[in-house]
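Here is what each chain is made of, one letter per residue.
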Amino acid sequence: TIFCMWATLLSFGPIAVHSFGVMIFLGIFVGGFVWWQKGREENFDEEPLMDVLLSSLIVSMIVGRVWYLFSNWSQFAGSFYKMIFITKFPGISYEGVVLGGVLSLGFFAYKKSFDVWKILDLSVLSLLVIEIFAYGGSFLAGSNLGTQTNLFFGVPFPGIEGKRYPVQLVFVLLLGGLYKLFKKLEKEYRNFKWYSSSKGEAKPGFMIGSYLIGLGLVHTVLGFISEVNNLYFSFGMVFLGVLLLVVRSGIKMKSREPKKVVEVKVETHRKLKKRKKKGFDFK
């Protein structure tokens, strides 16, 4: 029951400070630093680059909140008070945050005349940092619960029946593993022959494609021990990630050319027609 002490840190009337909100803030702060650091390495202008990040974060949170409202409309009963006061009536959709975040990153990067694919690749490590902190906050807040279990590592949450899989902590560990993997791939993927074009160039887009695949696989696997399981969204991320890698890579589908064979046959037939009768040589 010690986990319940951190769900709400402070409360002043309708305003409450939740541990989840604090962890989100920390995630944005650390993720923003990673974003700024990677931007400097790629020689992006710092001010417009940070504008892209902040604008995308705001849009992603709005989309995530609206998605949650429509998915749980009965809980709010059309009350604008409940919809607006997110600190008192928390709730945000993960699918909406991811979708809104990725799309808005591309949109604002385009508006700032940045290379959209480079910006999306740049965002991968920052997004993972924010998600790691978010799932840590979910564990403290007792949200995004796992299914019930009688195993020894099951965790009791206040007000929740039975012990639950600590799926939030598993997310933290797996996303941390993805962070280390992508940090390594970021330096090596340009040397992958299958991803390079005939000129030996590796187009940006590898990181965001791999991120969608990795994230989709993690959600697919842990979806079986999570209360909320959106397999369609998880499969969609994997499919989109694979599609991006194929489109942005140097992979080309080779097709046969049967027409040439037909042309040879026709040409040979015409030559036979022109031949003259010479003894037994004519058929």
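Look up: the structure comes first, before these words.
Just so we're clear, the structure is a prediction, and the values are computed from it rather than from any experiment.

Draft legend 1. Broad picture of the overall build of the protein chain. Per the secondary structure count, the protein chain includes 10 helices and four strands. What you see in the protein chain, going N to C, is helices and strands ordered as β-β-α-α-α-α-α-α-β-β-α-α-α-α. Looking at the protein chain residue by residue over its 283 residues, the buried ones come to 38%. Counting contacts in the protein chain only where the partners sit at least 6 residues apart, residues at least 24 apart contribute 64% of the total.

Draft legend 2. Highlighting helix α9 (residues 231–248). With 18 residues, α9 should cover 26 Å at 1.5 Å per step; its first-to-last C-alpha distance of 26 Å lies within 8% of that length. Listed as buried for α9 are Phe233, Ser234, Met237, Val238, Gly241, Leu244, Leu245 and Arg248. With its buried residues spanning 140° around the axis, α9 presents them on a single face. Opposite the buried face of α9, by more than 90 degrees, sit the exposed residues Tyr232, Phe239 and Val247. Tucked into the core, α9 has its buried residues touching α5 (94–111), α6 (116–141) and α8 (206–222).

Draft legend 3. Summary view of the packing of aromatic side chains. In total, this model carries 15 aromatic pairs according to the counting rule given. Both rings, one in Tyr135 and one in Phe171, keep their centres 4.3 Å apart while their planes meet at 10°; by these two values the pair is stacked. Placement of Tyr135 in helix α6 and of Phe171 in helix α7 (residues 167–188) is noted, with a sequence separation of 36 residues between them. Under the relative-accessibility criterion, Tyr135 is labelled buried at 8%. Residue class for Phe171 comes out buried when judged on its relative accessible area of 6%. A centroid spacing of 6.0 Å and a plane angle of 40° characterise the contact between Phe153 and Tyr165, whose relative ring orientation is tilted. With Phe153 in the loop between α6 and β3 (155–156) and Tyr165 in the loop between β4 (163–164) and α7, this pair connects stretches of sequence that are 12 residues apart. Members of the aromatic cluster, joined through ring pairs, are Tyr189, Phe192, Trp194, Tyr195 and Phe206.

Basis of the calculations
Residues numbered from 1 in each chain as written. Predicted model: local features only at pLDDT ≥ 70, side-chain atom pairs only at ≥ 80, totals over all residues. Heavy atoms only, no water. Helix = DSSP H or I, 4+ residues; strand = E, 2+ residues; numbered from the N terminus. Buried < 20%, exposed > 50% of the residue type's maximum accessible area, 1.4 Å probe, protein only. Contact = heavy atoms within 4.5 Å. Expected span 1.5 Å × (residues − 1). Arc of directions from axis to C-beta. Phe/Tyr/Trp six-rings, centres within 6.5 Å; stacked < 30°, edge-to-face > 60°.

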